[in-house]
Amino acid sequence: MTLRELQLDGLVGPTHNYAGLSSGNIASTSHGGATSHPKAAAMQGLDKMAFVASLGVEQAVMPPHMRPDVDALRSLGFEGSSENLLAAAQAEDPLLLAQTSSASAMWTANAATVTPSSDSADGRVHFTPANLKSKFHRAIEPVQTGRLLEAIFPDRDLFAHHRPLLACDQFGDEGAANHTRLATDDGVVNVFVYGVEARNPESPGPQVFPARQTLEASQAVARLHTLRNAVFVQQTPEAIDAGVFHNDVISVGSAHVLLVHEEAFRDQPEVLQQLAATLGPQFTPLVVPSSSLSISEAIQTYLFNSQLLETSKGMTLIAPQDVEHHAAARAVVDGWITGDAPISEVHYLNLRESMQNGGGPACLRLRVPLTPEELNAVHPAVRWSDRLAATLRSWVERWYPASLTPADLADPQLRRLTQDALDDLTGLLNLGSVYPFQQG
Ligand code: SUG
């Protein structure tokens, strides 16, 4: 059965801001406190979706989460009306207010891990929302993510929705950002990349920054999804310590192609041999040596956070403009396009607002490979069309602030505006009641 890959992009929320929340993510920590531009950020995301859809790729949109998350603040002891509670949080613990205000759900590569029906033993598409337990501002996402995924993929005969793994050190799970599905005529491999083996004190791990994904979590997700063809590969601790907080910062793969930096995986030559043994001669790993692009240049430009899309013209790369403007990264891409690599074209997009928080093109999308029948069962109103594009653009135009600083996050008007905007959006997308504030 031929699968088509749906790109489910996170719509940037109205509270998009720079709070420096993600240690280990260099763009996030270096932009903490900067002024953000939520309207521009959302428009940049919509431009990407429109562009990808124009290539003939299936595209859909995932709504933002309600922020600030007043319920999370209440669960941490703040009381009273939303207005008083936000003011109290800002006075007492502004970092906590920033954490509960982050629009980080936009990076849907971390929303869940997805297994296509062709790979699961029960023939259903499986979703497990990532628990994102490594960072508090992200650990408040999975319940809402699960609700949205259930609304977008409603048919339980076709779609299996699991609960997030229990959030603890042993089961740190960051979703599809650490998962790559490769497929050739000879075979399919689901590559799960982890940072550390949590229960094994002998397992080498990073010394400076946290390993967000554990082997135990990857194994549990593969088990839940009844996967038959999973392999588990460890990141080099050095890459994590250099700022590779998710594997999708240093490798991206699709079908028979794997773009990967030389220093991405432990025992990389053996890993690639193992993949080749299953995938056969079509498998094409394009390994970028450190002499062409150092790890820090890979992190700075986000070359490997490009989207690798199958289009009628062959493999197409959607890369951030930062790659275009960096001589060494640009040379790597030019080498692929003009040489005999199976990549036919590249398009550079402006995703500055998201990039400054460490989110490139691939972070902003969750890939969902579907059969035609499954595609037909996707909630129709979130699937891309010119009409949806126009609706979303005027929705953003109407509701989004032009700029935000961390000091603006306690503004009761921002909370009210976000709630009204999301209420309006659920109507436009015909999603029913998907937010707690709509459920009384
Ligand atoms: O989890 N940044 C996100 C970026 C996620 C990128 N996703 C992938 N690589 N798949 C993170 O570190 C920064 C928020 C702030 O600092 O305000 C943030 O959460």
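Rules behind the numbers
- Residues numbered from 1 in each chain as written.
- Predicted model: local features only at pLDDT ≥ 70, side-chain atom pairs only at ≥ 80, totals over all residues.
- Heavy atoms only, no water.
- Helix = DSSP H or I, 4+ residues; strand = E, 2+ residues; numbered from the N terminus.
- Contact = heavy atoms within 4.5 Å.
- Areas by Shrake-Rupley, 256 points an atom, 1.4 Å probe, with all protein chains shown as cover.
- Expected span 1.5 Å × (residues − 1).
- Buried < 20%, exposed > 50% of the residue type's maximum accessible area, 1.4 Å probe, protein only.
- Arc of directions from axis to C-beta.
- Phe/Tyr/Trp six-rings, centres within 6.5 Å; stacked < 30°, edge-to-face > 60°.
- Core = buried A, V, L, I, M, F, W, Y, C linked by side-chain atoms within 4.5 Å.
- Near = heavy atom within 4 Å.
- Polar contact = N/O pair within 3.5 Å; in protein donor to acceptor, adjacent residues only side chain to side chain.
- Nonpolar A, V, L, I, M, F, W, Y, C, P; charged D, E, K, R; others polar.
- Pairing = 2+ DSSP bridges.
- Axes fitted to C-alpha atoms, helices over the stretch in contact; angles between N-to-C directions.
- Salt bridge = Lys/Arg side-chain N within 4 Å of Asp/Glu carboxyl O.

Undergrad: When you look at the overall build of the protein in this model, what are you seeing that I'm missing?
TA: Helix and strand counts for the protein stand at 17 helices and 15 strands. Once the C-alpha set of the protein is aligned to its principal axes, its extents read approximately 60 × 45 × 40 Å. Residue pairs in contact within the protein that sit at least 24 positions apart in sequence constitute 76% of those at least 6 positions apart. Of the roughly 16500 Å² of accessible surface on the protein, 48% is carried by carbon and sulfur atoms.

Undergrad: Any chance you could explain helix α10 (residues 268-279) here in plain terms?
TA: Two residues of an α-helix separated by three or four positions point the same way, owing to the 3.6 residues in each turn. The terminal C-alpha atoms of α10, which comprises 12 residues, lie 16 Å apart, in line with the 16 Å expected from a rise of 1.5 Å per residue. Every buried residue belonging to α10 is among Q268, V271, L272, L275 and L279, and all of these are buried. Summarising the axial view, the buried residues of α10 lie within an arc of 95°, below the 170-degree limit, and thus occupy one face. More than 90 degrees from the buried face of α10, the exposed residues found are P269, Q273 and A277. Where the residues of α10 are buried, they touch β6 (179-183), β7 (188-194), β8 (230-234), β10 (257-261) and β11 (284-288).

Undergrad: I keep staring at the packing of aromatic side chains and nothing clicks. Help me out?
TA: A ring pair, where both rings are aromatic, is described by two values, the distance of the centres and the angle of the planes. All told, the structure shown has six aromatic pairs when counted by the stated rule. Ring plane angle 5° and centroid distance 5.4 Å describe the contact between Y435 and F437, whose orientation is recorded as stacked. Judged by relative accessible area, which is 25%, F437 ranks as partly exposed. Among the aromatic residues, ring-to-ring pairing joins F127, F153 and F159 into one connected group.

Undergrad: Would you mind showing me how to read the nonpolar core here?
TA: The tendency in soluble globular proteins is for nonpolar side chains to be buried side by side. If you look at the biggest cluster of nonpolar residues, it comprises 78 residues, and the most contacted ones within it are L11, F153, L275, L370 and W395. With six residues, helix α16 (residues 386-399) is the largest single contributor of residues to this core. Setting aside chain neighbours within four positions, we find L11 in contact with L46, M49, V61, M62, P64, M106, L392, W395, Y400 and L425.

Undergrad: Mind showing me how you'd approach the site of the ligand here?
TA: Looking at the ligand, there are 21 residues lining it, with L21, S22, H137, R212 and D248 nearest. S28 places a polar side-chain atom, nitrogen or oxygen, 2.8 Å from an oxygen atom of the ligand. Taking H246, its side chain carries an N or O atom lying 3.1 Å from a nitrogen atom of the ligand. Alone, the ligand offers 490 Å² of accessible surface; in the complex the protein occludes 100% of this. The residue inventory of the shell around the ligand, partitioned by class, reads eight nonpolar, 10 polar and three charged.

Undergrad: Whenever I open this one, the sheet that holds β11 confuses me. Can you help?
TA: Neighbouring strands of a sheet are bound in pairs by backbone hydrogen bonds; such pairs are parallel or else antiparallel. Here three strands make up an open sheet; going across it, the order is β9-β10-β11 and the pairing mixed. Across the chains shown, the open sheet's two edge strands, defined by having one partner strand only, are β9 (251-254) and β11. The mean angle between the axes of side-by-side strands here comes to 10°, regardless of whether they run parallel or antiparallel. Note that β9 and β10 share four bridges and pair antiparallel. The residue of β10 that forms the bridge with G253 is L258.

Undergrad: Any chance you could explain unusual backbone geometry here in plain terms?
TA: Peptide bonds are, in most cases, trans, and in most cases residues other than glycine have a negative phi. A cis geometry characterises the amide bond from R67 onward to P68, with omega recorded as -5°. Take P68: it is sitting in the loop between β2 (59-62) and α3 (70-75). Phi is positive for T226, close to 50°, though the residue is something other than glycine. Counting through the fold element by element, T226 comes out in the loop between α8 (215-224) and β8.

Undergrad: Is there a simple way to think about α16 in this case?
TA: End to end, α16 covers 20 Å across 14 residues, agreeing with the expected 20 Å (1.5 Å per residue, within 8%). Buried residues of α16: L388, A389, L392, W395, V396 and W399, and no others. Projected down its long axis, α16 shows its buried positions confined to an angular sector of 130°, all on one face. Among the exposed residues of α16, those oriented more than 90 degrees off its buried face are D386, R387 and R398. Of the surrounding elements, those touching the buried residues of α16 are α2 (38-54), β2 and α17 (412-428).

Undergrad: I would appreciate a short explanation of the pattern of salt bridges in the present structure.
TA: Opposite charge on two side chains allows them to pair when their charged atoms are near. In this structure the tally under the stated criterion is 17 salt bridges. Close ionic contact of D47 with R393 constitutes a salt bridge, the shortest N to O distance being 2.9 Å. Of this pair, D47 sits in helix α2 while R393 sits in helix α16; the two residues are 346 residues apart in sequence, bridging distant segments of the chain. Notably, a salt bridge pairs E174 with R212, separated by 3.2 Å at the nearest N-O pair. In this pair, E174 is assigned in the loop between β5 (159-161) and β6 and R212 in the loop between β7 and α8, connecting sequence segments 38 residues apart. With respect to burial, E174 and R212 carry one shared label: buried. The structure contains a network of salt bridges with shared partners spanning R4, E58 and R383.

Undergrad: Quick question: what am I supposed to make of the pairing of strand β12 (residues 307-311) here?
TA: If a strand is regular, its side chains alternate between the two faces of the sheet. For β12, the tally of buried residues reaches four of five residues, placing the bulk of the element in the interior. Sheet topology places β12 next to strand β13 (residues 314-320); five bridges connect them, and they run antiparallel. What sits directly across from L309, in β13, is T316. As consecutive antiparallel partners, β12 and β13 are separated by two residues.

Undergrad: What am I meant to see in the environment of L317 here?
TA: Along the polypeptide, L317 turns up in strand β13. Through-space distance from the C-alpha of L317 to that of M49 is 14 Å; in sequence the pair is 268 residues apart. In this structure, L317 is in contact with L259, S306, Q307, L308, V333, W336, I343, E345, V346 and H347, ignoring residues within four places of it in sequence.

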